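Residue strings, one per chain:
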Amino acid sequence: MSVEEKLKAQFPDTVYTALAPPDRHPGFKYKGFHPGRVTQLPRGHVKEPGYQAFPVDVTWEEDQAIPMRDGVKLYADIFRPADESEKVPAIIPWSPYGKVGTSTLDYDNMGPWRIGIPYQHLSGYETFEEAVDIYDTITWISEQPWCNGSVVMAGNSWLAISQLNFASRFQHPNLKAIAPWEGLTDLYAHQVCRGGIPKPAFFELILRGSAGVGKAENIGAMAKSRPLFDKYWEGKQIKPEDIKDIPMYLTASYSTGLHCDGSFKAFELAQTSRKWLRVHSTQEWHDLYRPEATDDLQRFYDYYAKGYDGSVTKTIVERPEEQWPPAQQHIRRYYLDAATQSFSAVKPVDSASIAHEGHSLTASSDFTLTFDKYTELCGRPFVKLYMSSNVKDDFDVVVQIRKVSVSGELLESLNWSPMPAPGPKVPNVNVVKHLGQQGMLRASHHVSLQPRASEDDVPVYDHRSREAITPGKIVPLLIPIWPLGVVFEAGEGLMLRISGHDMSLPETESLRLTAPADDNEGQQTVYTGGEYESYLAIPVIKG
């Protein structure tokens, strides 16, 4: 029984969409099917002018058949040293995005200035490319005459998700290490229905960019038809706590709108004792090809796949910590005051309220906090808001933390340096410019809040149930915000923005909205002070 047949049997409403064949896809750079073709690429070979030259002679085997236990054959491209006098480990990047630059998802069209990745840092043959198939692939590769029996996995995004999924379900004696460099672990909570709010656009983009001879599961359509968490979404969860004994080198960044929470969760929950997390300040794709990052990854692989002597903990370290969040973190509350649109260390005595249009791309209620001394935040913030909506029996709430300069200007973070253009001329997309971390919640899901051991614990929802809210009724909403790491000098501060729409910049230009996409109607009102204990909880490590 095929995967499609199994899903249809368990979930008859599963939506499948036909893919465009690779040779007819308008953006796919299909090179044809060439099983058994072998090409010798000499040292110094350059795929196209400007790309990185090969440092050694390489044998390129195209569309090499790898048999699976169910009789299916997968076809992979293999790049290996032409000199076969020494057996070598193998690195597997596993994804659905095509091979050797065929995909529509390449750095030339994924963001401005190729995400700051110079052509010289790429060979041009990189792939952006389940669990049982991965197991059989590892077995086959480890038995090849050129392989020393050691296999490692690598990659970002889907390639990271594939690693985490496999390591949480299987252990393979030949898999020596993994390096999931930023990926989600909960498709529902981390992306497609974050906060219980369906967000199909990104997955529709991925589906449009995919090619094949069959059909693909339409995750965006399923988010619309199954807005509550259920067995369907549970089957797509990865459980990092089941990763027991595999060396893991993870990365995480605060600027990604796709993988931030999943990257930190994977590190926190994985039970292997051999795990390292490097938190960087750049865009996740940009970091992948920084020479210091790839050199560091090679040291990690050499240690576990080749048995080289040397300290595996010799990583890029600016500030070492024994855990994340840092042990010195403590939660500090600041109470909202709608009368002044500011914060105070104690709850205001008098109640007040402020309202904004819920169905809008610009409207928000904003509150500003100024730090009187140097302050560092690191960890997961959250808010508690007393809110109502005056028209419908449900409403979506999005909150965002922005950094504010001494002069009161809202600041933006450029995702790498140096940028080819000054800040004002940098395109307004999240892959190059980050505004601040967000949290979101569909208000009717407040009844699915899970028990907390402490009032300082970050709220967690199972999103399995909802309860309609009478228009005008005031309800308390606890909203988790994705992890952040921010430094404030004395006189700088933050602004908490509350709205009914996603306030982040679109990941790419093609995802930019020209009209509100939310289901809100009417006004949303925030209540503070008096009987309304609305507050922001921030993770402080210094200050």
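Residues numbered from 1 in each chain as written. Predicted model: local features only at pLDDT ≥ 70, side-chain atom pairs only at ≥ 80, totals over all residues. Heavy atoms only, no water.

Caption draft 1: Focus on the overall build of the chain. Counting its regular elements, the chain contains 10 helices and 25 strands. In summary, the chain has a C-alpha radius of gyration of 24 Å against a globular reference of 24 Å for 543 residues, a match within 12%. Referenced to the eigenvectors of the C-alpha coordinate spread, the extents of the chain come out at roughly 80 × 50 × 45 Å. Burial status across the chain gives 52% buried among its 543 residues. One finds the centroid of the 54 positive side-chain charges in the chain at a distance of 1 Å from the centroid of its 69 negative side-chain charges. (Helix = DSSP H or I, 4+ residues; strand = E, 2+ residues; numbered from the N terminus. Rg over C-alpha atoms; globule rule 2.2 N^0.38 Å. Buried < 20%, exposed > 50% of the residue type's maximum accessible area, 1.4 Å probe, protein only. Lys, Arg positive; Asp, Glu negative; His and termini not counted. Charge placed at Lys NZ, Arg CZ, Asp CG, Glu CD.)

Caption draft 2: Spotlight on the sheet that holds strand β4 (residues 73-81). An order of β2-β3-β4 is seen for the three strands of this open sheet, with the pairing classed as antiparallel. In this open sheet, the two strands that pair with only one neighbour each are β2 (38-41) and β4. Neighbouring strand axes in the sheet, compared pairwise and without regard to direction, differ in orientation by 25° on average. Sheet topology places β2 next to strand β3 (residues 58-67); four bridges connect them, and they run antiparallel. Looking at β3, one finds that Thr39 is bridged to Trp60. (Pairing = 2+ DSSP bridges. Axes fitted to C-alpha atoms, helices over the stretch in contact; angles between N-to-C directions.)

Caption draft 3: Up close: the packing of aromatic side chains. Summed over the entire model, instances satisfying the criterion amount to 25 aromatic pairs. Here the aromatic cluster, defined as three or more aromatic residues joined through ring pairs, consists of Trp181, Tyr249, Trp276, Phe300, Tyr301, Tyr303 and Tyr304. (Phe/Tyr/Trp six-rings, centres within 6.5 Å; stacked < 30°, edge-to-face > 60°.)

Caption draft 4: Expanded view of the pairing of strand β25 (residues 535-542). Taken across its eight residues, β25 has seven buried, putting it largely inside the fold. For strand β15 (residues 375-379) and β25, the ladder comprises two bridges, and the chain directions are antiparallel. Each residue of the ladder has a partner; that of Glu376, found in β25, is Lys542. Where strand β16 (residues 382-389) lies against β25, three bridges are found, and the strand directions are antiparallel. Considered in β25, the bridge of Lys384 is made with Tyr535.

Caption draft 5: Highlighting the side chain of Asp394. As for its position among the elements, Asp394 is in the loop between β16 and β17 (396-404). Apart from residues no more than four positions distant in its own chain, Asp394 is found in contact with Arg442, Ala443, Ser444, Arg466 and Ile469. (Contact = heavy atoms within 4.5 Å.)

Caption draft 6: Structural context of the nonpolar core. Counting residues in hydrophobic clusters, the biggest one holds 53 residues, and the most contacted among them are Ile141, Leu175, Val192, Trp233 and Met248. With five residues, the top contributor of residues to this core is helix α2 (residues 131-142). Setting aside residues no more than four positions away along its own chain, Met248 makes contact with Leu164, Ile178, Pro180, Ile243, Ala270, Thr272, Arg274, Lys275, Trp276 and Phe300. (Core = buried A, V, L, I, M, F, W, Y, C linked by side-chain atoms within 4.5 Å.)

Caption draft 7: Representation of the domain arrangement of the chain in the model. According to the domain assignment, the chain contains domain 1 (38-183 + 238-306), domain 2 (186-237) and domain 3 (329-541). For domain 1 versus domain 3, the distance between C-alpha centres works out to 36 Å. Tallying the contact residues gives 22 residues for domain 1 and 22 residues for domain 3. Summed over both partners, the interface of domain 1 with domain 3 comes to about 1,700 Å²; 66% of that surface belongs to carbon and sulfur atoms. Along the contact surface separating domain 1 from domain 3 lie two salt bridges. Looking at the side of domain 1 that touches domain 3, the elements with two or more residues in it are α8 (260-269) and α9 (284-288). With five residues, the single largest contributor to the side of domain 1 that touches domain 3 is α8. Looking at the side of domain 1 that touches domain 3 residue by residue, the class counts come to nine nonpolar, 10 polar and three charged. (Domains from an automatic or database assignment. Buried area = accessible area lost by both parts, 1.4 Å probe. Salt bridge = Lys/Arg side-chain N within 4 Å of Asp/Glu carboxyl O. Nonpolar A, V, L, I, M, F, W, Y, C, P; charged D, E, K, R; others polar.)

Caption draft 8: Geometry of the confidence of the model for the chain. The share of residues in the chain with pLDDT of 70 or more is 93%, and the mean pLDDT across the chain is 91. When the criterion is pLDDT under 50, residues 119-129 qualifies, and its contacts beyond four places in sequence or with other chains add up to 57 contacts. (pLDDT = per-residue confidence, 0-100.)

Caption draft 9: Spatial organisation of the pattern of salt bridges. The full count for this structure, using the stated rule, is 30 salt bridges. Salt-bridge contacts for Asp396 lead to Arg442; the nearest nitrogen and oxygen are separated by 2.7 Å. Of this pair, Asp396 sits in strand β17 while Arg442 sits in strand β20 (residues 438-442), and the two are 46 residues apart along the sequence. Note on accessibility: Asp396 and Arg442 belong to one class, buried. Three or more residues are tied together by salt bridges with common partners; here these are Arg278, Asp287, Arg290 and Glu292.

Caption draft 10: The arrangement of the state of the cysteines in detail. Counted according to the given criterion, the structure contains zero disulfides. Cys260 supplies the cysteine sulfur nearest to Cys193, a cysteine that is in no disulfide, at a spacing of 19 Å. (Disulfide = S-S within 2.5 Å.)

Caption draft 11: Region of interest: the environment of Leu164. Among the structural elements, Leu164 can be located in helix α3 (residues 158-169). In this structure Leu164 comes out as buried when scored by relative accessible area, which is 1%. As a C-alpha pair, Leu164 and Ala266 span 102 residues in sequence and 7.9 Å in three-dimensional space. Apart from the residues within four sequence positions on either side, Leu164 is in contact with Pro180, Leu184, Thr185, Ile238, Ile243, Met248 and Ala266.

Caption draft 12: Seen up close, unusual backbone geometry. With an omega of -5°, the peptide bond between Trp324 and Pro325 qualifies as cis. Along the chain, Pro325 turns up in the loop between α10 (291-306) and β11 (330-337). Residues Ser417 and Pro418 are joined by a peptide bond in cis, for which omega reads 0°. One can find Pro418 in the loop between β18 (413-414) and β19 (433-434).

Caption draft 13: Looking closely at the packing of α2 against α3. Direction vectors running N to C along α2 and α3 enclose 85°, while the axes themselves pass 9 Å from each other. Between α2 and α3, the crossing angle belongs to the class labelled roughly perpendicular. Residue-level inspection shows Ala131, Ile134, Tyr135 and Ile138 of α2 in contact with α3, the latter providing Ser162, Asn165, Phe166 and Arg169. Residues that form the contact of α2 with α3 fall into these classes: five nonpolar, two polar and one charged. (Parallel < 35°, antiparallel > 145°, perpendicular 65-115°, else oblique.)

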